[in-house]
Amino acid sequence: MYTKNKISTFKTSNSRLKKMVFGICIFLIGISANAQCAMCRAALAGDSNIKKAEAVNDGIVFLMIVPYLLVAIIGYLIYRMYQSKKKKAE
């Protein structure tokens, strides 16, 4: 059986984990997302293609958002499903 001390320790460690995950997410948002493949970089290298290179970078970042967004939505739905099952079990 859990005692009050063990339960409060669990809640504290869970809170620390949430804070750590939130901090990592905030840190990763601030990272500049200038991603390019080697072929795109070679084709757009040089001073005359600055606008095209920025457009390619923006397109890559835009295309990169969709898979991460889908994974986040699916993860949230699974989390919500487990929470509803947990409430029904109580």
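Small disclaimer: the values here were computed from a predicted structure and weren't measured.

**Some details on the overall build of the protein**
Secondary structure summary: the protein contains three helices and zero strands in total. Scored against the burial criterion, the 90 residues of the protein give a buried share of 4%. Split by element, the accessible area of the protein, about 8500 Å² in all, is 69% carbon and sulfur.

**Details of a nonpolar patch on the surface**
Where nonpolar side chains cluster on the molecular surface, the patch consists of Leu-17, Met-20, Val-21, Ile-24, Phe-27 and Leu-28 and spans about 600 Å² of accessible area. On the secondary structure map, Phe-27 appears in helix H1 (residues 4–29). The class of Phe-27 is exposed, set by a relative accessible area of 58%.

Cut-offs and rules
Residues numbered from 1 in each chain as written. Predicted model: local features only at pLDDT ≥ 70, side-chain atom pairs only at ≥ 80, totals over all residues. Heavy atoms only, no water. Helix = DSSP H or I, 4+ residues; strand = E, 2+ residues; numbered from the N terminus. Buried < 20%, exposed > 50% of the residue type's maximum accessible area, 1.4 Å probe, protein only. Areas by Shrake-Rupley, 256 points an atom, 1.4 Å probe, with all protein chains shown as cover. Patch = residues over 30% accessible without salt bridge, like charges linked within 9 Å, V, L, I, M, F, W, Y side chains within 5 Å. Salt bridge = Lys/Arg side-chain N within 4 Å of Asp/Glu carboxyl O.

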